[in-house]
Amino acid sequence: MKSGMNSRYMLMIKRIEPKDYNYVLKLNEENVDVLIPTDREELEYLAEKAALFQTIYVDEVPAGFIIALREGLKDYDFRSYRWFEERYSKFLYIDRVVVDKKYWKRGLGRKLYQCAFDYVKENDIEIVAAAITTVPYNKESLAFHAKMGFHEVGEQLIRGGTVKISQQVLLLQYQVGQT
């Protein structure tokens with residue numbers, strides 16, 4: 001569990017708990033035009049299989065989440081994940097990061113990504129992979145990922161060709177003794 005104090009609110013990040021499933025499903029559905037549709041069964045699968053499935057709380061109220069997967073999940077059939085699986089032997093795939101719109105511009109997305117960066121450092125992984133929707137255009141996510149240093153390595157059409165995604169990676173190189 002991580003926590004921190006902003007001048008206005010208390011932040012806490014911890015592993016998803018069943019009490020938060022309905023919140024995550026609701027938040028996912030509110031953003032489904034740029035996310036993978038998810039039902040409770042898949043959410044339970046992700047909660048079990050994900051390397052990271054963290055919920056961020058602001059003043060003890062859930063405000064967003066991150067789901068990140070390691071390579072090697074043979075039974076996860078999302079095309080974007082498979083795309084990276086075919087090209088990289090070791091990576092952390094950011095399945096989704098969602099921050100409730102009422103908490104935007106408070107640095108919560110960056111805090112959730114910091115969990116991913118801490119994880120890759122602890123597990124000697126150099127590639128963080130993500131898929132960002134370009135049709136429909138997800139301006140905020142594209143700008144956010146660009147600021148973080150992600151770059152496009154491919155594109156893919158999904159959902160019967162109605163959605164286009166930019167396959168992006170961030171290459172991290174941690175050296176011995178580096179903090």
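Here the structure is a predicted model, which means the values were calculated and not measured.

## Regarding the pairing of strand β6 (residues 127-135)
Inference 1: Counting buried positions along β6 yields 7 of 9 residues, so the element is predominantly enclosed.
Inference 2: In the sheet, strand β5 (residues 92-99) pairs with β6 via 3 bridges, with the strands oriented parallel. Bridge pairing in β6 links Tyr93 to Ala129.
Inference 3: Read from β5 through helix α4 (residues 108-122) to β6, the crossover connection turns out right-handed.

## Quick look at the packing of helix α1 (residues 21-30) against helix α2 (residues 40-49)
Inference 1: Between α1 and α2, the least distance of the axes is 11 Å, while the angle of their chain directions is 115 degrees. The orientation of α1 with respect to α2, classified from their angle, is roughly perpendicular. In the crossing of α1 with α2, the sense of the turn from one axis to the other is right-handed. Every residue of α2 that contacts α1 at Tyr21, Asn22, Val24 and Leu25 is listed here: Arg40, Leu43, Glu44 and Ala47.
Inference 2: When the residues that make up the contact of α1 with α2 are grouped by side-chain class, the tally is 5 nonpolar, 1 polar and 2 charged.

## Points about the layout of surface pockets
Inference 1: Taken as a whole, the largest pocket spans an internal volume of roughly 1,100 Å³.
Inference 2: Taken together, 43 residues make up the lining of the largest pocket; nearest its centre are Val97, Asn138, Glu140, Ser141 and Phe144.
Inference 3: Contributing elements (two or more residues each) for the lining of the largest pocket: β5, α4, β6, α5 (139-148) and β8 (163-171).
Inference 4: In terms of residue class, the lining of the largest pocket is built from 24 nonpolar, 7 polar and 12 charged.

Calculation criteria
- Residues numbered from 1 in each chain as written.
- Predicted model: local features only at pLDDT ≥ 70, side-chain atom pairs only at ≥ 80, totals over all residues.
- Heavy atoms only, no water.
- Buried < 20%, exposed > 50% of the residue type's maximum accessible area, 1.4 Å probe, protein only.
- Helix = DSSP H or I, 4+ residues; strand = E, 2+ residues; numbered from the N terminus.
- Pairing = 2+ DSSP bridges.
- Right-handed = clockwise from strand over helix to strand, strands pointing away.
- Axes fitted to C-alpha atoms, helices over the stretch in contact; angles between N-to-C directions.
- Parallel < 35°, antiparallel > 145°, perpendicular 65-115°, else oblique.
- Left-handed = near helix turned anticlockwise from the far one by under 90°.
- Contact = heavy atoms within 4.5 Å.
- Nonpolar A, V, L, I, M, F, W, Y, C, P; charged D, E, K, R; others polar.
- 1 Å grid on protein atoms, 1.4 Å probe; cavity = no way out; pocket = protein on both sides within 12 Å on 5 of 7 lines; lining within 4 Å.
- Points joined across faces, edges and corners; volume = space filled by probe spheres on them.

Without other data, these values stay purely geometric and don't point to any function.
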